[in-house]
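Understanding the architecture of this molecule
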Amino acid sequence: MYQGNPDREQHNAEQPPPSSAGGAQETIIVVGQEGQVKQPQLERRKGKLASKFPLVNISRNLLLAYQSLGVVYGDLSISPLYVYRSIFAGKLQDYQTPEAIFGAFSLIFWTITLIPLLKYVFVVLSADDNGEGGTFALYSLLCRHAKFSLLPNQHAADEELSAYKYGFAGQSTSSLALKRFLEKHKKSRTILLIVVLVGACMVIGDGILTPAMSVISSMSGIKAAAEHLSHGEVLLLSCLILVGLFALQHSGTHRVGFLFAPIVIIWLISIFGIGLYNVIFWNPKIVSALSPYYIIKFFRETRKHGWMSLGGVLLSVAGTEAMFADLGHFTACSMRIAFSFLVYPCLVVQYMGQAAFLSKNIASIPNSFYNSIPESVYWPVFVIATLASIVGSQSIITATFSIVKQLNALGCFPRVKIVHTSKNVKGQIYIPEINWILMILTLSVAVGFQDTILIGNAYGLACMTGMFITTFLTTLVMIFVWQRNIALATCFLLLFWFIEGVYLSSAFTKIPQGGWVSLVLAFVFLFVMFVWHYGTRKKYNFDFHNKVPLKWLLGMGPSLGIVRVPGIGFVYSELATGVPSIFSHFVTNLPAFHSVLVFLCVKSVPVPYVSPEERFLIGRICPRPYHMYRCIVRYGYKDIQRDDGDFEDLLIQSIAEFIQMEAVEPQCSSSETPSFDGRMAVISKKTVQSTSTLIVSEDFGMSDAIQSSKSLTLQSLRSAYADENPQMRRRRVRFQLPENPSMDPAVRDELQDLIQAKEAGVAYIMGHSYVKARRSSSFLKKFVVDIGYSFLRKNCRGPSVVLNIPQISLIEVGMIYHV
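Residues numbered from 1 in each chain as written. Predicted model: local features only at pLDDT ≥ 70, side-chain atom pairs only at ≥ 80, totals over all residues. Heavy atoms only, no water.

In the nomenclature of an unreviewed UniProt entry, the chain is known as Potassium transporter of Nicotiana sylvestris. For the chain, the Function (unreviewed entry) comment in UniProt is given as "Potassium transporter." Check the Sequence similarities (unreviewed entry) section of the UniProt entry for the chain; it says "Belongs to the HAK/KUP transporter (TC 2.A.72.3) family." (UniProt positions renumbered as here; feature names shortened; annotations may be inferred.)

What follows is the structure, given as structure tokens:
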């Protein structure tokens, strides 16, 4: 049994101490399923660590490895289409010699070996967050092991979630010192968040640049074979394919996943065969270029121009970040199998074969891949290349949807519509607004540049920046989560920062030749994220500073100084503790309020998923006659908030279970705490279903619900609403009290009041807030809040839509926040 203080939020330096609210404190009582005490954290950690290394289920991992080829490795596998052409563009055109080609292949081989194979397969894939990968998974891990988060809505009970703790117990002395330093300085935590947001922006930039890069590269083959086609006609064909690609996104990746995997497999086998043929037929001596000695010879000959050409070499590992970002769909073991035994050898042999061909055909560098294909298989390979380029684009678009979902859950992106496209795989989602924005920007890049060299410069800069940030965050995870020695983690950081820093410095030289596009895209998205996050934090801080004191509520009495009408009022608030100021705004402006009030806080916690058994945290506000409760509904950053049709009923049952538990559990009835302290408990969904305090009966249709209202006007309105919304004609649940003579009369009366309020109807109460900067604020703050944040709030989805609140039962009252 765990008891703590829910006001122990993760406060920033500028946060005020928790409001005493009349000296009352809140007690959290976290109860597991069927009232059992939760497993101690240390034992749970051991169980998690043991589950990380099960006996390998070969058949399952092979199936997942097969599926990962169609989702993850499409982008990485089509890089042979454009790598050599990008390397020998610009100043390196004067060094097109067999020795330079040998050196270029040696660079490609060691880049693929060190970054995707050594760094990602053997290290980064292990830095998962309960099976989830990506930049925000790393950030989430760090925020759970140290107070790095700037989001102020952390709750003490969140730390008792089964998925919350991950890692080793204890802290080394050196890591503790570093942890305290980072926690103490708000600027360091702000810089960490900005670094994470920049990494997310680069992934979104990849989602714009990858489709244009891959499709235009594949279309270059048809221009080489059909010379009568003009450049404009090929570009038009590329744009049509791009439009079709984005138009198919609404169907979901699960419908085409099994189609994509065979395409990538056939593509990989094809390029392996072509590469092996070219090595044997053109120049078997290319095998000697596996030695890093040829890299030294390459730079000795090309010098500065060779360093500048590294921007083309890094395109050979473009798409590697998707390996980690899409980890949640598969397992680390399956992705290691797919890359190590199929993707890696096929790519190495293909690059080797192209180099062998080019060493004897220097003039073919501008169209190296298609010129190296034997004529007898040219058109089949071209068709497979086109399909593979579409598959490659799909993987990064899917990763972009996941990144935006995580940003949205953590309060760093405006609210958008999220469609869950698969009943079986939680992570497969579709976001219409983001999809069409990506399509417009991708078409703009394709039409604006019309050249894979320029697009590749921007593409390479975005990819390497993302890898650079992943290396940094993985190092922090090694120190704070894995508890590795700081010296070992520093060696990892310096090794890969040196390698990636060389490539990144080369990519920065290409900013005037197209690289600026990725910087502009990153700046735009970063500005949107910063403005939304800043406005959200300021609004939350306003609510936190102006919480309603419990003394004020207690002084008003159970009637709250107004008429309490039959029914239940769900008051939505972003506060996880205390009574929001918007409630006093309601009380002073409305003549009546519902007989039962439930303060609802729907929040995201820094874990991927929250199990339904742990979703509801139920508590009481004020003494029993007030009939005021609090419910915190918790979702993970990858959970989808869906309207399952029984939210109201499940919440009522949970409150009833809490009332009953409060009367019988000694932890809930401690004499040391007053009766209005707002006790909270995790009520398991399974517990509610198996040992429900109420008798549940069901019928279907809305006729009873319509006739239950005493108002004829309201009956007609609900009837009209039901006719326009046939989906609302779903099951109706009725609650009854069981015949239990031993039940406490006070508990029975309270449960009876709850049932009567439910029968009278449910209303959802939400503030329609307007956020304004104070008159004394600086010009920059007024611009960010009054223009930027206000624009985003007006043009994103409203909170009632995101929370699936029925409009017929919604009450909104305007309120101005001066921040």
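Brief notes about the overall build of the chain
The number of helices and strands found in the chain is 30 helices and twelve strands. A burial count over the chain gives 58% of its 819 residues as buried. Counting only contacts in the chain whose residues sit at least 6 apart along the sequence, the fraction spanning at least 24 positions is 85%. Put simply, the chain shows about 32,800 Å² of open surface, and 62% of that area lies on carbon and sulfur atoms. (Helix = DSSP H or I, 4+ residues; strand = E, 2+ residues; numbered from the N terminus. Buried < 20%, exposed > 50% of the residue type's maximum accessible area, 1.4 Å probe, protein only. Contact = heavy atoms within 4.5 Å. Areas by Shrake-Rupley, 256 points an atom, 1.4 Å probe, with all protein chains shown as cover.)

A few points about the pattern of salt bridges
Scanning the entire structure with this criterion turns up seven salt bridges. We note a salt bridge from Asp649 to Lys758, for which the minimum N-O separation is 3.6 Å. On the criterion of sequence distance, the pair formed by Asp649 in helix α24 (residues 647-664) and Lys758 in helix α28 (residues 745-760) is long-range, its members being 109 residues apart. Exposure remark for Asp649: the relative accessible area of 8% places this residue in the buried category. The buried category is assigned to Lys758, whose relative accessible area is 8%. (Salt bridge = Lys/Arg side-chain N within 4 Å of Asp/Glu carboxyl O.)

Some remarks on unusual backbone geometry
With a phi close to 60°, Gln483 is a non-glycine residue in the positive phi region. Even without a glycine there, the phi angle at His627 is positive, about 55°. Take His627: it is sitting in the loop between β6 (616-621) and β7 (628-636).

A few points about the side chain of Thr475
Tracing the chain through its elements places Thr475 in helix α19 (residues 452-480). If we skip the residues at most four places from it in the chain, Thr475 touches Ala489, Phe492 and Leu493.

A short note on empty space enclosed by the protein
For the coordinates displayed, the defined rule picks out eight cavities of 30 Å³ or more. Lining the second largest cavity are 14 residues, and of these Asp206, Gly319, Thr320, Glu321 and Cys463 sit closest to its centre. It is α19 that contributes the most residues to the lining of the second largest cavity, five residues altogether. A class-by-class count of the residues in the lining of the second largest cavity yields eight nonpolar, three polar and three charged. (1 Å grid on protein atoms, 1.4 Å probe; cavity = no way out; pocket = protein on both sides within 12 Å on 5 of 7 lines; lining within 4 Å. Points joined across faces, edges and corners; volume = space filled by probe spheres on them. Nonpolar A, V, L, I, M, F, W, Y, C, P; charged D, E, K, R; others polar.)

Structural notes on the packing of aromatic side chains
Per the stated rule, a full pass over the model turns up 31 aromatic pairs. Each ring, one from Phe136 and one from Tyr139, has its centre 6.3 Å from the other, and the planes form 85°; the classification is edge-to-face. Of the two residues, Phe136 and Tyr139 are both situated in helix α6 (residues 135-145); the distance of three residues between them amounts to about one turn of the helix. Judged by relative accessible area, Tyr139 falls into the buried class, the value being 6%. Residues Phe530 and Tyr534 carry aromatic rings whose centres are separated by 5.9 Å and whose planes lie at 25° to one another, so their mutual orientation is stacked. Separated by four residues within a single helix, Phe530 and Tyr534 lie in helix α21 (residues 511-545), roughly one turn from each other. Every member of this aromatic cluster is reached through a ring pair, and the members are Trp267, Phe369, Tyr370, Tyr378, Trp379 and Phe382. (Phe/Tyr/Trp six-rings, centres within 6.5 Å; stacked < 30°, edge-to-face > 60°.)

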